[in-house]
Structure formats: structure tokens, C-alpha cells
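Okay, here's what each chain looks like letter by letter:
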Amino acid sequence: MKKLIALILAVVMVLSMVACTSDNTPEQPDANQPAADTQQSVEPTESTVPEDQEDAAVKGGILKIAVTGDASSMLAHKLRGPIDRTYGCVIFEKLFNFDVNGTPYPFLLESYEEDTTNLTYTLHVREGIKFHDGSDLNADVVAWNLQLYKDQGAQSASFLGNVDKIEATDEYTVVLTLSAWDSLLPVYMAREGGCGYIVSKQAWETYGEDYCKEHPVTTAPFQFVSWEHDAVVKLEKFADYWQGEPNLDGVELCVYNSMLVAQAAMESGEVHAMMNISDTEVVDYLGMLGFNVVLGGIPASAHTIGFECMKEDDPFNDIRVRQAACYALDGAAIGEAIYGDYAKATTQYCLPGTPYYSEDVTGCPYNPEKAKELLAEAGYPNGFDTVIYVNSSNQVGVDTVTIVIEQLKQVGINVEIQLRDNAQYTTLIDGWDGGLIYHSGGIDSGAAAFVSGSFARNLTSGIGLKSFDKPDELYDLIDAGKAGDVETCRESFQKAQYIIFEQECMLKCLYVVMPVAVTTPNLHDSDIGATGGTSSDLWDAWLEQ
């Protein structure tokens, strides 16, 4: 498998590179030096600054971060997928953030209270925060943002479906009144691509949605300057940032057409960081050269294959065919080929030993002979032809699907790859035109939050919304899990995962991945990758000159 991936990536290397010229070329690591120690996300990367410089961060410089695709939008309530989340964690700030253990804590909020008896969350907005247009962050703005998520958000029904009323009760207090209790609401507001990103109400009302789609106005330490599609998003420091003036002059998100081209940019000094890296050979190589490697402790993403279950004339409408495809796929081998030791084999959206893991989900373990038996039983003794959809901007998706196609071919299922750009694929997630889809979902907010955000009733958007046949029992379990105590929540989401992966076989979970980021030795205090694949805290980051 490694040879197959190596061949694919070797071809990719000849592609032309879209590069951001660097005003602050980082010092090139010495290839003869030993590899940097892998850092666990429970602690930020240790400083390598001389002791006499530790008390005085260097001012100035442009931090350049490599990304492997263009954002689908700059509308906070429309962001989805790992590429969008990479942009989001730099451009926006949230009501809540996650700590290193995956627990949400107030960020743009000063504090909050839960009242399970009266079904309310009371949010206390932090005072003294300015948007980049000079307007104030207050309760009215937060309430407006949450209402926008509820009315138009990409996953509004899953995140705010139980919220009946959103009310600013005074200048800095927002009360959310629920129809049924939802214990996961703080998680949704802390989740990258959730419902906690906050934007300027004044900018929206002054310039309109179309303007904001291309010109985000936020509270973050760096304010939007320009967006050259498929090339670079430029940000400059916001001197009135609420935590203090940033050290850096700006940040640029530089688009490269593959992970290997981004690696070359790191080596040449064109960029200082890569986040949520999908190629572990790139990580290992850069680590060998002396770059800082940051390994998160919470799984960042689950890599799955989804089946079209709703079309009667599609072979995957028959659960025996879906099971056959699952038996034909060796998720552990695929994960090892793509991510090496950074991938963990599992049958669901979490790892064994964690609260929401169900021992009852077998995931149809690798067994090609069993797959052939089921195909024959379903009326396909000679197999059949089908297609699989994948985001062309997601190189790890393309590499994973390449192996998936080869494994399915061994049991007679002949698959043609269908590449779609990020914007097309983002729409396709809800429902595809028959066959299969590759999907990588961010699970750093936990299995319960991901299942609820993707499979709850009355969704307007979500994986397989139009392609999965979801029983009412699944919706009931999700409702019970969100409304119940800790034990009820655990049991409900275990059973929900059993329905998704075993009973209905909507998806095959191939593997989950631990988040990895790489930074140059002269970048300090960025916390890139400290709590997840798309996490950072850049307001006090600085570049050693």
C-alpha cells in the first residue's frame, strides 16, 4: 500500500506550486540535526528561545500557514469540512473554546449558567470586545448571530434545533430557552464549524450577505484584508484586539495544490506552519529535518465511506451489498498506508475505551470471501459498476479512495472515482447521486456531538441527509442522549452508533486520525495543533528573527 501511495504522491509533486512570497523567511532547519520531539497536545510546544529572550516576544512579521484548498465561504454559519475549519480557526473567534481534554470553556463569553428545570442557558458576554469595524460585541450581537445560525446555518437543526427563543435580556446577557434540554449546546458552540463563530452584525446590516461572504468582520486578533481565490487569504493585525495588540503584523493562509507542495513550501521557508496534516510521511520527514511536530491527544477526524441507501435502483439500497462492501474494506490497512502510526483502527466515531464506544459495533471486519457470498446472495455474483465521490482538494481523501477502489475491485465491485471541488463537494455531502462517498468528519468535539450534529431529526444539512434511510429509533436515541444525564447520554449515543454503523450500515468507518501539525523552529506561542487539528491561538504568537 505504501508503494501505491508513494507513486500517487510522486506524480503530484510535479504539479505547479502556488506560493506566497515570504517577508520573513524562517531559518532553514539543519538536516543533520536530530528530529524534534513529538509534542503532545496536552502541553504547548516548548520554547526554543534563548533564556534572555523569553520575556520579550519579537514584534512584527507575517505568519504564513499552508492550506491545501480554498475555503468554500467566509460566512461563519456556512463553514463545513476540514479545509473550511482551518480558515475558521484563524479568521473567527467562538463563544466557547475546547481545552486540551476536549471540554468546552467560555471564551467570548465571561461565563454561563445552565437551568435544567426551566430549560434555559444564560450566557454572559465578555465586555470590552470590539469587532474590526469598531462595533461592540454585546448581547444583541450574540443573539443575532445565534438566530442567524438557527435560521440559516449549515447544520442549524442539529445545533440549535431545541432552542425555541434567543433573547438579549440586557446589554451583556443572552438567555436561550429550549423546548427540550440539550446538554451538548456548549460543545456545539465550541466546535470548529459549529454554531459559535461570531461576526459583526453592523457589517452584515451595512453591506449585506454577499459582501460578508467575501469579507468577514470578526473579533479575532487579525482582520481580513483580501482573498485571492485558490491563492491566499491575507490578514493584518487588529491593534485594538481585546486580549492585547498581537505581536505579528499579519497572517496569510497560502493555498497549495497538494500536501507535498505545501511540504516543499515549508522546506524552502515560504510558510511557517501546516495544520491538520493528512500525510504522515510529510510529518516524519519534516520532523527529521528539525521542524516542530505537534501531536494532539484527541482524535481529529473519522474517515468513512458512505452508501446510497435510498435509491431503489442502486445496488447499495440492499443492506447485504452495503455489508459486502464493508467486509471488502480493510480499514486498518488503509489507515496505516495513509497515516502510519497516526491512524487508529475503529468501527465508529470514537476509539475503544472512550465513553461513547459501543462494543456491539463490529463494523463488518475485513473478510473478502464473506463479501463475495453476500454479493451473490443479493443477486450480484459477478459484481457491478458504481462511482465514488471525493473532494479533489482533499489529497488524503483521493489517496484513501484509490486504495478503497482497489480493495472493492477484489470482490467484483468496480468503482469509478468522481472528483469534485470543495464547494461542489460541500453541497454533495447532504446527498449524492448514487454509489459511494468518501467523508472525513471532524470528531474532536466528541462522538456524541458529531452524531447529534450529523444525524439528528429535522436537519437541513448533514452527511447523508438525502442518502441515508434513518429510522425513527435513531432520532429518539439522539434526543434522549441530549436530554438525559451522563449515563443516559452515554448509553443513547452508543446505541445510536450501533444503528448507524451496524444495524443500518449507512457508513463504513475506515479509521480515525490523531491531529498533527508542523511548525518552523522560529515560531513560538502559536498553540497551533495544541487542542486539535484545526486549532490555534495566534494573538501572542511571534516569529524569532
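Structure first, text after, so check above.
Because the structure is a prediction, the values reported are computed rather than measured.

What follows is about the sheet that holds strand 16 (residues 384-391). The strands making up a sheet are joined through hydrogen bonds of the backbone, oriented either antiparallel or parallel. One open sheet accounts for six strands, arranged 15-19-14-18-16-17; its pairing is mixed. The sheet is open, and its two borders are formed by strand 15 (343-344) and strand 17 (413-420), each paired with just one other strand. The pairing of strand 16 with strand 18 (residues 436-442) spans two bridges and is parallel. Residue pairing in the sheet places Y389 in a bridge with I437 of strand 18.

Turning our eyes to something else, we now look at the pairing of strand 5 (residues 109-115). When strand 5 meets strand 6 (residues 120-125), the two strands line up antiparallel, connected through six bridges. Counterpart to S111 in the pairing with strand 6 is H124. Taken together, strand 5 and the strand that follows it, strand 6, pair antiparallel across an intervening segment of four residues, in which L119 is found at a positive phi of about 55°.

Our focus in this paragraph is the sheet that holds strand 5. Strand order in the open sheet made by the four strands is 5-6-8-7, with antiparallel pairing throughout. Every other strand in the sheet has two partners, leaving strand 5 and strand 7 (163-170) as the edge strands with one partner each. The sheet shows a mean angle of 15° between the axes of neighbouring strands, direction not considered. Running at roughly 165° to strand 7, helix 3 (residues 139-152) makes contact with strand 6, strand 7 and strand 8 (173-178) of the sheet.

For side chains bearing opposite charge, pairing can occur when the charged atoms are close. Taken as a whole and judged by the stated rule, the model has 16 salt bridges. Among the salt bridges present, the one from K201 reaches D140, with a minimum N-O distance of 2.7 Å. Here K201, found in helix 6 (residues 201-207), pairs with D140, found in helix 3; they are 61 residues apart in sequence, far enough to count as distant. A relative accessible area of 17% places K201 in the buried class. Here D318 ties to R320 by a salt bridge, and the two come within 2.7 Å at their closest N and O atoms. Among the ionic contacts, a cluster of salt bridges with common partners joins D140, K201 and E205.

Here we come to helix 16 (residues 472-483). With twelve residues, helix 16 should cover 16 Å at 1.5 Å per step; its first-to-last C-alpha distance of 17 Å lies within 8% of that length. Listing the buried residues of helix 16 in full gives L474, Y475, L477, I478, G481 and K482. In a view along the axis of helix 16, the buried residues occupy a sector of 160°, so they form one face of it.

Direction vectors running N to C along helix 11 (residues 331-339) and helix 13 (residues 395-409) enclose 145°, while the axes themselves pass 10 Å from each other. Handedness of the helix 11/helix 13 crossing: right-handed. Contacts between helix 11 and helix 13 pair I334, A337, I338 and Y339 from the former with V396, D399, T400, I403, V404 and Q407 from the latter. Its residues assigned to classes, the contact of helix 11 with helix 13 shows seven nonpolar, two polar and one charged.

Another point: the environment of I334. With respect to the element layout, I334 can be found in helix 11. In the structure, I334 is positioned eleven residues away from A345 in sequence and 9.3 Å away in space, judged by C-alpha atoms. Look past the residues within four positions of I334 in its chain and what remains in contact with it is T400, I403, V404, Q407, L510 and Y511.

Here the focus is the packing of helix 15 (residues 447-455) against helix 16. Axis separation between helix 15 and helix 16 bottoms out at 10 Å; the angle between their running directions is 135°. For the element pair helix 15 / helix 16, the angle class is oblique. Classified by chirality, the crossing of helix 16 by helix 15 is left-handed. Contacts between helix 15 and helix 16 pair V451, S452 and F455 from the former with L474, Y475, I478 and K482 from the latter. A breakdown of the residues in the contact of helix 15 with helix 16 according to their chemical character gives five nonpolar, one polar and one charged.

What follows deals with the nonpolar core. Of all hydrophobic cores here, the largest spans 178 residues; its most connected members are I65, Y87, L176, Y349 and F455. Among the elements that take part in this core, helix 3 stands out by supplying eight residues, more than any other. In contact with Y87, other than residues within four places in its own chain, are V67, G69, D70, A71, M74, V233, L253 and V255.

It is worth spelling out unusual backbone geometry at this point. Despite not being glycine, D230 has its phi angle at roughly 65°, a positive value. Examined against the element boundaries, D230 turns out to sit in the loop between strand 9 (222-228) and strand 10 (232-237). Phi angles above zero are rare outside glycine, and C505 is one such case at about 50°. Looking at the secondary structure, you find C505 in the loop between helix 17 (486-503) and strand 19 (507-513). Residue C505 is classed as buried on the basis of its relative accessible area of 0%.

Once that is clear, we can look at the side chain of Q494. Note on placement: Q494 falls in helix 17. Polar contacts involving the side chain of Q494 include one to the main-chain carbonyl oxygen of P355, which spans 3.0 Å. Setting aside residues no more than four positions away along its own chain, Q494 makes contact with P355, Y356, Y357 and S358.

Right, let's get into helix 12 (residues 368-377). Those residues of helix 12 lying buried are A371, L374 and L375. All buried residues of helix 12 project into a common sector of 100° when viewed along the axis, lining one side. With respect to the buried face of helix 12, the exposed residues turned more than 90 degrees away are E373 and E377. Backbone geometry just after helix 12 places G379 at a positive phi near 100°.

What counts and what doesn't
- Residues numbered from 1 in each chain as written.
- Predicted model: local features only at pLDDT ≥ 70, side-chain atom pairs only at ≥ 80, totals over all residues.
- Heavy atoms only, no water.
- Pairing = 2+ DSSP bridges.
- Helix = DSSP H or I, 4+ residues; strand = E, 2+ residues; numbered from the N terminus.
- Axes fitted to C-alpha atoms, helices over the stretch in contact; angles between N-to-C directions.
- Contact = heavy atoms within 4.5 Å.
- Salt bridge = Lys/Arg side-chain N within 4 Å of Asp/Glu carboxyl O.
- Buried < 20%, exposed > 50% of the residue type's maximum accessible area, 1.4 Å probe, protein only.
- Expected span 1.5 Å × (residues − 1).
- Arc of directions from axis to C-beta.
- Left-handed = near helix turned anticlockwise from the far one by under 90°.
- Nonpolar A, V, L, I, M, F, W, Y, C, P; charged D, E, K, R; others polar.
- Parallel < 35°, antiparallel > 145°, perpendicular 65-115°, else oblique.
- Core = buried A, V, L, I, M, F, W, Y, C linked by side-chain atoms within 4.5 Å.
- Polar contact = N/O pair within 3.5 Å; in protein donor to acceptor, adjacent residues only side chain to side chain.

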